[in-house]
Amino acid sequence: QYLVHGEIKHDVESFTQGLSYHRGILYETTGIRGQSKVLRIRLRDNSVLTSKKIPDSMFGEGSAYHGDNKLIQITWTSRTGFIYNARTLETIKEFKYKTTTNQGWGITYDPFNEEFFVSDGSQYLHVWDNIIGDESREK
């Protein structure tokens, strides 16, 4: 059972692929080739604080907030990930990765074990033990 505290409006042209929350800020990544972007949204008034487009050739997918003021985003078929400064959305690093299907779908961060879990549409979850996309094992 759960209680709905409220609703926020959302851009109907944006297709959410990743969503994280940290201290009043919602981090959203959207996907559509040529329109994918990363957003910082203040939850209390639904205002977009920062918006950044990713390269037109890429389809943005999942993202995960990392407790060290970083936001990590993966792309669908480009095998490219981005590490952003979570406050400014400036790109800190771009990295390449491999998965079973060579696709990136979803990503989440486990702060207790300091690992990322990445899905690629296959029956496997890929576990990365750091934020540069080095795969440590499949689950």
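Please refer to the structure placed before this passage.
The rules behind the values
- Residues numbered from 1 in each chain as written.
- Predicted model: local features only at pLDDT ≥ 70, side-chain atom pairs only at ≥ 80, totals over all residues.
- Heavy atoms only, no water.
- Helix = DSSP H or I, 4+ residues; strand = E, 2+ residues; numbered from the N terminus.
- Rg over C-alpha atoms; globule rule 2.2 N^0.38 Å.
- Buried < 20%, exposed > 50% of the residue type's maximum accessible area, 1.4 Å probe, protein only.
- Contact = heavy atoms within 4.5 Å.
- Pairing = 2+ DSSP bridges.
- Axes fitted to C-alpha atoms, helices over the stretch in contact; angles between N-to-C directions.
- Phe/Tyr/Trp six-rings, centres within 6.5 Å; stacked < 30°, edge-to-face > 60°.
- Patch = residues over 30% accessible without salt bridge, like charges linked within 9 Å, V, L, I, M, F, W, Y side chains within 5 Å.
- Areas by Shrake-Rupley, 256 points an atom, 1.4 Å probe, with all protein chains shown as cover.
- Salt bridge = Lys/Arg side-chain N within 4 Å of Asp/Glu carboxyl O.

*Asks:* How should the overall build of the chain be read in this particular structure?
*Replies:* Each helix and strand counted, the chain has zero helices and 12 strands in total. The secondary structure elements of the chain, listed N-terminal to C-terminal, are β-β-β-β-β-β-β-β-β-β-β-β. The C-alpha atoms of the chain give 15 Å as radius of gyration, which agrees with the globular expectation for 139 residues (14 Å, within 12%). Reported as C-alpha extents along the three principal axes, the dimensions of the chain are approximately 40 × 35 × 30 Å. The proportion of buried residues among the 139 residues of the chain is 41%. Contacts in the chain between residues at least 24 apart in sequence constitute 32% of all its contacts with a sequence separation of at least 6.

*Asks:* Help me understand the sheet that holds strand β4 (residues 47–53), please; the structure alone is not making it clear to me.
*Replies:* Backbone hydrogen bonds are what pair the strands of a sheet, in a parallel or an antiparallel way. As summarised here, the arrangement of the four strands in space is β1-β2-β3-β4, forming an open sheet in which the pairing is antiparallel. Each edge of the open sheet is held by one strand with a lone partner, namely β1 (16–22) and β4. Here the average twist between neighbouring strands, direction ignored, is 15°.

*Asks:* What is the right way to read the packing of aromatic side chains from this model?
*Replies:* Two measures describe an aromatic ring pair: the distance that separates the ring centres and the angle between the ring planes. Applying the stated criterion across every chain yields a total of seven aromatic pairs. Aromatic ring contacts, followed pair by pair, group Phe95, Tyr97 and Trp128 into a single cluster.

*Asks:* Mind showing me how you'd approach a nonpolar patch on the surface here?
*Replies:* On the surface, Ile8, Tyr21 and Leu43 cluster together into a nonpolar patch covering about 280 Å² of accessible area. Inspection of the secondary structure assignment puts Ile8 in the segment before β1. Taking the relative accessible area as the measure of exposure, Ile8 reaches 44% and is therefore partly exposed.

*Asks:* Looking at this structure, I do not really get the pairing of strand β11 (residues 125–128). What am I missing?
*Replies:* A regular strand places its side chains so that they alternate between the two faces of the sheet. Bridge count for strand β10 (residues 115–119) against β11 is four bridges, and the pairing is antiparallel. Its bridge partner being in β11, Ser119 is matched across the sheet by Leu125. Hairpin connection of β10 to β11: five residues between the antiparallel strands, including Gly121 at a positive phi of 90°.

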